[in-house]
Amino acid sequence: IIGADFSHTMLMRAREKNAAAGNGARAVKFIEADALRLPFADETFDLVTTAFGFRNLANYEAGLREILRVLKPGGALAILEFTEPAPGVIGDLYRFYCRNVLPVIGGAISGDAAAYRYLPKSVARFFRPEEFVEQLRQAGYEESRYVLMTFGTVALHVGVKKL
(Lines give C-alpha, C1' and ligand atoms only; values in the text may rest on other atoms or scores of the structure.)
Protein backbone atom coordinates (compact mmCIF):
# COMPACT_ATOMS: atom_id res chain seq x y z
CA ILE A 1 0.00 0.00 0.00
CA ILE A 2 1.36 3.37 -1.02
CA GLY A 3 -0.21 6.68 -0.07
CA ALA A 4 0.78 9.59 -2.28
CA ASP A 5 -0.12 13.25 -2.16
CA PHE A 6 1.13 16.51 -3.62
CA SER A 7 0.78 18.22 -0.23
CA HIS A 8 3.46 17.60 2.38
CA THR A 9 1.01 18.67 5.12
CA MET A 10 -1.56 16.09 4.00
CA LEU A 11 1.11 13.38 4.05
CA MET A 12 2.12 14.32 7.59
CA ARG A 13 -1.52 14.06 8.65
CA ALA A 14 -1.88 10.68 6.88
CA ARG A 15 1.16 9.33 8.74
CA GLU A 16 -0.28 10.52 12.05
CA LYS A 17 -3.70 8.98 11.34
CA ASN A 18 -2.14 5.72 10.20
CA ALA A 19 -0.05 5.49 13.38
CA ALA A 20 -3.03 6.39 15.58
CA ALA A 21 -5.09 3.66 13.92
CA GLY A 22 -2.46 1.11 14.94
CA ASN A 23 -1.55 0.19 11.39
CA GLY A 24 2.13 -0.19 12.18
CA ALA A 25 2.04 -3.89 11.27
CA ARG A 26 0.61 -3.09 7.85
CA ALA A 27 3.33 -1.51 5.79
CA VAL A 28 2.03 1.74 4.33
CA LYS A 29 4.53 3.90 2.53
CA PHE A 30 3.71 7.59 2.15
CA ILE A 31 5.39 9.62 -0.58
CA GLU A 32 5.12 13.15 -1.89
CA ALA A 33 4.17 12.95 -5.56
CA ASP A 34 2.49 14.88 -8.35
CA ALA A 35 -0.46 12.94 -9.79
CA LEU A 36 0.45 14.23 -13.24
CA ARG A 37 3.97 12.73 -13.01
CA LEU A 38 3.83 9.72 -10.73
CA PRO A 39 7.21 8.28 -9.70
CA PHE A 40 6.27 4.69 -10.51
CA ALA A 41 7.06 2.33 -13.35
CA ASP A 42 4.48 1.46 -15.97
CA GLU A 43 1.96 -1.20 -14.91
CA THR A 44 2.84 -1.14 -11.19
CA PHE A 45 -0.56 -1.19 -9.46
CA ASP A 46 -3.66 -3.38 -9.39
CA LEU A 47 -5.73 -0.53 -7.95
CA VAL A 48 -5.41 3.25 -7.75
CA THR A 49 -7.85 5.17 -5.59
CA THR A 50 -8.37 8.80 -4.77
CA ALA A 51 -10.92 10.45 -2.53
CA PHE A 52 -12.09 14.04 -2.79
CA GLY A 53 -8.96 15.34 -4.47
CA PHE A 54 -9.08 14.49 -8.15
CA ARG A 55 -11.12 17.60 -8.94
CA ASN A 56 -8.15 19.67 -7.71
CA LEU A 57 -5.79 18.43 -10.43
CA ALA A 58 -4.54 21.02 -12.89
CA ASN A 59 -5.30 18.71 -15.84
CA TYR A 60 -7.89 15.95 -15.51
CA GLU A 61 -7.09 14.28 -18.83
CA ALA A 62 -3.37 14.11 -18.00
CA GLY A 63 -4.19 12.73 -14.55
CA LEU A 64 -6.37 9.97 -15.98
CA ARG A 65 -3.69 9.04 -18.53
CA GLU A 66 -0.98 8.99 -15.86
CA ILE A 67 -3.03 6.72 -13.61
CA LEU A 68 -3.75 4.48 -16.60
CA ARG A 69 0.01 4.26 -17.21
CA VAL A 70 0.74 2.95 -13.70
CA LEU A 71 -2.17 0.47 -13.66
CA LYS A 72 -1.56 -3.14 -14.60
CA PRO A 73 -3.75 -4.54 -17.39
CA GLY A 74 -7.08 -5.35 -15.77
CA GLY A 75 -6.28 -2.94 -12.92
CA ALA A 76 -8.96 -0.59 -11.62
CA LEU A 77 -9.23 3.10 -10.90
CA ALA A 78 -11.71 4.27 -8.25
CA ILE A 79 -12.32 7.99 -7.77
CA LEU A 80 -14.58 9.13 -4.93
CA GLU A 81 -15.59 12.72 -5.50
CA PHE A 82 -18.18 15.25 -4.42
CA THR A 83 -20.85 16.04 -6.97
CA GLU A 84 -23.80 18.36 -7.08
CA PRO A 85 -27.14 16.57 -6.83
CA ALA A 86 -29.65 17.04 -9.61
CA PRO A 87 -32.02 20.03 -9.37
CA GLY A 88 -34.88 19.48 -6.98
CA VAL A 89 -35.41 19.69 -3.23
CA ILE A 90 -32.23 17.81 -2.22
CA GLY A 91 -30.07 19.51 -4.84
CA ASP A 92 -31.37 22.95 -3.96
CA LEU A 93 -30.85 22.38 -0.22
CA TYR A 94 -27.36 21.03 -0.90
CA ARG A 95 -26.38 24.09 -2.96
CA PHE A 96 -27.82 26.50 -0.38
CA TYR A 97 -25.97 24.74 2.43
CA CYS A 98 -22.65 24.55 0.55
CA ARG A 99 -22.70 28.15 -0.62
CA ASN A 100 -24.15 29.87 2.45
CA VAL A 101 -23.83 27.73 5.57
CA LEU A 102 -20.68 25.64 5.07
CA PRO A 103 -18.29 28.59 4.61
CA VAL A 104 -19.53 30.20 7.83
CA ILE A 105 -19.40 27.05 9.97
CA GLY A 106 -16.24 25.64 8.39
CA GLY A 107 -14.51 29.00 8.61
CA ALA A 108 -15.46 29.45 12.27
CA ILE A 109 -14.18 26.00 13.20
CA SER A 110 -11.03 25.93 11.07
CA GLY A 111 -10.21 29.62 10.87
CA ASP A 112 -10.02 29.26 7.07
CA ALA A 113 -13.30 30.40 5.52
CA ALA A 114 -11.65 30.65 2.09
CA ALA A 115 -11.18 26.87 1.99
CA TYR A 116 -14.89 26.39 2.61
CA ARG A 117 -15.81 28.90 -0.11
CA TYR A 118 -13.45 27.09 -2.50
CA LEU A 119 -14.99 23.66 -1.85
CA PRO A 120 -18.48 24.30 -3.30
CA LYS A 121 -16.98 26.24 -6.22
CA SER A 122 -14.64 23.37 -7.09
CA VAL A 123 -17.50 20.86 -6.87
CA ALA A 124 -19.73 23.00 -9.12
CA ARG A 125 -16.90 23.28 -11.71
CA PHE A 126 -16.21 19.55 -11.78
CA PHE A 127 -17.86 17.16 -14.23
CA ARG A 128 -21.28 15.71 -13.63
CA PRO A 129 -20.89 11.94 -12.99
CA GLU A 130 -22.09 10.92 -16.45
CA GLU A 131 -19.68 13.43 -18.02
CA PHE A 132 -16.78 12.14 -15.97
CA VAL A 133 -17.52 8.55 -16.97
CA GLU A 134 -17.19 9.74 -20.57
CA GLN A 135 -13.82 11.27 -19.67
CA LEU A 136 -12.74 7.89 -18.30
CA ARG A 137 -13.78 6.19 -21.53
CA GLN A 138 -11.98 8.76 -23.67
CA ALA A 139 -8.81 8.26 -21.59
CA GLY A 140 -8.92 4.52 -22.35
CA TYR A 141 -10.69 2.95 -19.39
CA GLU A 142 -13.14 0.10 -19.93
CA GLU A 143 -16.14 -0.77 -17.79
CA SER A 144 -16.42 2.88 -16.78
CA ARG A 145 -19.32 3.60 -14.48
CA TYR A 146 -20.40 5.57 -11.43
CA VAL A 147 -22.51 5.06 -8.32
CA LEU A 148 -24.19 7.97 -6.55
CA MET A 149 -24.16 8.00 -2.75
CA THR A 150 -25.23 10.24 0.11
CA PHE A 151 -28.34 11.64 -1.58
CA GLY A 152 -26.41 12.23 -4.80
CA THR A 153 -23.73 14.44 -3.21
CA VAL A 154 -20.91 11.92 -3.71
CA ALA A 155 -20.09 9.76 -6.70
CA LEU A 156 -17.78 6.77 -6.96
CA HIS A 157 -16.34 6.61 -10.48
CA VAL A 158 -14.74 3.33 -11.56
CA GLY A 159 -12.75 2.41 -14.66
CA VAL A 160 -10.71 -0.64 -15.62
CA LYS A 161 -7.56 -0.75 -17.74
CA LYS A 162 -7.86 -3.00 -20.80
CA LEU A 163 -6.29 -6.45 -20.49
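Here's a quick rundown of the structure.

Calculation notes
Residues numbered from 1 in each chain as written. Predicted model: local features only at pLDDT ≥ 70, side-chain atom pairs only at ≥ 80, totals over all residues. Heavy atoms only, no water. Helix = DSSP H or I, 4+ residues; strand = E, 2+ residues; numbered from the N terminus. Rg over C-alpha atoms; globule rule 2.2 N^0.38 Å. Buried < 20%, exposed > 50% of the residue type's maximum accessible area, 1.4 Å probe, protein only. Contact = heavy atoms within 4.5 Å. Areas by Shrake-Rupley, 256 points an atom, 1.4 Å probe, with all protein chains shown as cover. Lys, Arg positive; Asp, Glu negative; His and termini not counted. Charge placed at Lys NZ, Arg CZ, Asp CG, Glu CD. Pairing = 2+ DSSP bridges. Axes fitted to C-alpha atoms, helices over the stretch in contact; angles between N-to-C directions. Bend = angle between axes of the 7 residues up to and from the residue. Expected span 1.5 Å × (residues − 1). Arc of directions from axis to C-beta.

**As for the overall build of the protein**
What the protein contains, in helices and strands, is five helices and six strands. In sequence order, the secondary structure elements of the protein are arranged as β-α-β-β-α-β-α-α-α-β-β. In terms of overall dimensions, the protein is globule-like: its C-alpha atoms have a radius of gyration of 17 Å, near the 15 Å expected for 163 residues. Expressed as lengths along the three principal axes of its C-alpha atoms, the size of the protein is roughly 45 × 35 × 25 Å. In the protein, which comprises 163 residues, the proportion classed as buried is 36%. Summarising the internal contacts of the protein: among those between residues at least 6 apart in sequence, 63% fall at separations of at least 24. By element, 59% of the accessible surface of the protein is carried by carbon and sulfur atoms, the whole surface being about 9,800 Å². One finds the centroid of the 20 positive side-chain charges in the protein at a distance of 4 Å from the centroid of its 18 negative side-chain charges.

**A closer look at the sheet that holds strand S3 (residues 45–51)**
Taken together, the four strands give an open sheet; going across it, the order is S3-S4-S6-S5, and neighbouring strands pair in mixed fashion. Every other strand in the sheet has two partners, leaving S3 and strand S5 (141–149) as the edge strands with one partner each. Each neighbouring strand pair of the sheet contributes to a mean axis angle of 10°, computed without reference to strand direction. Where S3 lies against strand S4 (residues 71–82), six bridges are found, and the strand directions are parallel. Bridge assignment links Thr-50 to a residue of S4, and that residue is Ile-79. Helix H2 (residues 60–70) contacts S3, S4, S5 and strand S6 (154–161) of the sheet and is inclined by roughly 140° relative to S4. Helix H5 (residues 129–139) contacts S4, S5 and S6 of the sheet and is inclined by roughly 160° relative to S5.

**Overview of the side chain of Glu-66**
Within the element layout of this structure, Glu-66 appears in helix H2. Contact partners of Glu-66, with chain neighbours within four places excluded, come to Ala-35, Leu-36, Arg-37 and Leu-38.

**A closer look at the environment of Glu-16**
Structurally, Glu-16 can be placed in helix H1 (residues 8–20). Overall, Glu-16 belongs to the partly exposed group, its relative accessible area being 47%. When the C-alpha atoms of Glu-16 and Glu-134 are compared, they prove to be 37 Å apart, with 118 residues separating the residues in sequence.

**So, helix H3 (residues 89–110)**
At Val-101, H3 is bent by approximately 45°, the largest bend along its length, and proline Pro-103 sits one to four residues beyond. Buried residues of H3: Gly-91, Tyr-94, Arg-95, Cys-98, Leu-102, Pro-103, Gly-106 and Gly-107, and no others. Where H3 is buried, its residues touch helix H4 (113–125). Looking one or two places after H3, you find Gly-111, whose phi comes out positive at around 80°.

**Remarks on H4**
With 13 residues, H4 extends 19 Å from end C-alpha to end C-alpha; this agrees with the ideal 18 Å at 1.5 Å per step. Where H4 is concerned, the buried positions are Leu-119, Pro-120, Ser-122 and Val-123. Each buried residue of H4 lies within a common arc of 160° when the element is viewed along its axis, so the set occupies one face. For H4, the exposed residues set more than 90 degrees away from the buried face come down to Lys-121 and Arg-125. Taken together, the buried residues of H4 touch S4 and H3.

**What about the environment of Phe-132?**
By the element assignment, Phe-132 lies in helix H5. Taking the C-alpha atoms as reference points, Phe-132 and Ser-144, separated by 12 residues in sequence, lie 9.3 Å from one another. Beyond its immediate stretch of four places on either side in the chain, Phe-132 contacts Phe-54, Leu-64, Ile-79, Phe-126, Phe-127 and His-157.

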